[in-house]
Amino acid sequence: MDFSSPSPPMGSGQSPEALMEQVQAQLAQAYAEELIETLRGKCFDKCITKPGSSLSSGESSCVSRCVDRYLEATGIISRSLFSQQR
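Residues numbered from 1 in each chain as written. Predicted model: local features only at pLDDT ≥ 70, side-chain atom pairs only at ≥ 80, totals over all residues. Heavy atoms only, no water.

J.: Describe helix 1 (residues 16–47), and please don't skip the residues or the numbers.
T.: For helix 1, with 32 residues, the first-to-last C-alpha span of 45 Å sits near the 46 Å given by 1.5 Å per residue. The set of residues buried in helix 1 consists of Gln 22, Ala 30, Leu 35, Leu 39, Gly 41, Cys 43 and Cys 47. Buried-residue contacts for helix 1 involve helix 2 (57–85). (Helix = DSSP H or I, 4+ residues; strand = E, 2+ residues; numbered from the N terminus. Expected span 1.5 Å × (residues − 1). Buried < 20%, exposed > 50% of the residue type's maximum accessible area, 1.4 Å probe, protein only. Contact = heavy atoms within 4.5 Å.)

Laid out in structure tokens, this is it:
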């Protein structure tokens, strides 16, 4: 997680709502970074057999399908978890 962006210290007069929004934004950024790293690792390892300066059409199709499947599975799991919490 990247904490390089400056943020005011706790108790600096920031409202609880503003603090919550800041925390939510940081969590969303961390989640997005983790998702991209996971997709890069899984789909690259699965689809790219000979790294080079460009992707072959087969590699490009494989990466596209891999990302689509991973995102679909993540969505299904998320919906299932959120429906169980209610």
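Back to the write-up after that little detour.
J.: Summarise the state of the cysteines; cite the residues concerned and give the values.
T.: On inspection of all chains with the given rule, the structure shows 2 disulfides. Across the disulfide from Cys 43 sits Cys 66; the S-S distance is 2.0 Å. Judged by the sign of its S-S torsion, about -85°, the cystine formed by Cys 43 and Cys 66 is left-handed. Separated by 23 residues along the polypeptide, Cys 43 in helix 1 and Cys 66 in helix 2 bring together distant segments of the chain. Each member of the pair Cys 43 and Cys 66 is classed as buried. The connectivity of the disulfides in the protein chain is 1-4, 2-3, where the numbers refer to bonded cysteines in sequence order. (Disulfide = S-S within 2.5 Å.)

J.: Describe the nonpolar core, with residues and values.
T.: Among the nonpolar cores identified, the biggest contains 7 residues, and these are Leu 35, Leu 39, Cys 43, Cys 47, Ile 48, Cys 62 and Cys 66. Sorting the residues of this core by element identifies helix 1 and helix 2 as the ones contributing at least two each. Examining the composition of this core, we find that 4 residues originate from one element, helix 1, more than from any other. Not counting the four nearest positions on each side in its chain, Cys 47 is found in contact with Glu 59, Cys 62, Val 63 and Cys 66. (Core = buried A, V, L, I, M, F, W, Y, C linked by side-chain atoms within 4.5 Å.)

J.: Talk me through helix 2; I want residue IDs and the actual numbers.
T.: Its 29 residues give helix 2 an end-to-end C-alpha distance of 42 Å, which sits within 8% of 42 Å, the value for a rise of 1.5 Å per residue. Regarding helix 2, the residues found buried are Glu 59, Cys 62, Cys 66 and Gly 75. Of the surrounding elements, those touching the buried residues of helix 2 are helix 1.

J.: Explain the packing of helix 1 against helix 2 residue by residue, including any values.
T.: At their nearest, the axes of helix 1 and helix 2 sit 9 Å apart, and the two run at 135° to each other. The angle between helix 1 and helix 2 falls in the class oblique. Viewed along their axes, helix 1 and helix 2 form a crossing whose handedness is right-handed. Packed against helix 1, whose contacting residues are Tyr 31, Leu 35, Thr 38, Leu 39, Lys 42, Cys 43, Lys 46 and Cys 47, the element helix 2 presents Glu 59, Cys 62, Val 63, Cys 66, Val 67, Arg 69, Tyr 70, Leu 71 and Thr 74 at the interface. Tallied by class, the residues present in the contact of helix 1 with helix 2 amount to 11 nonpolar, 2 polar and 4 charged. (Axes fitted to C-alpha atoms, helices over the stretch in contact; angles between N-to-C directions. Parallel < 35°, antiparallel > 145°, perpendicular 65-115°, else oblique. Left-handed = near helix turned anticlockwise from the far one by under 90°. Nonpolar A, V, L, I, M, F, W, Y, C, P; charged D, E, K, R; others polar.)

These figures capture arrangement, not role.
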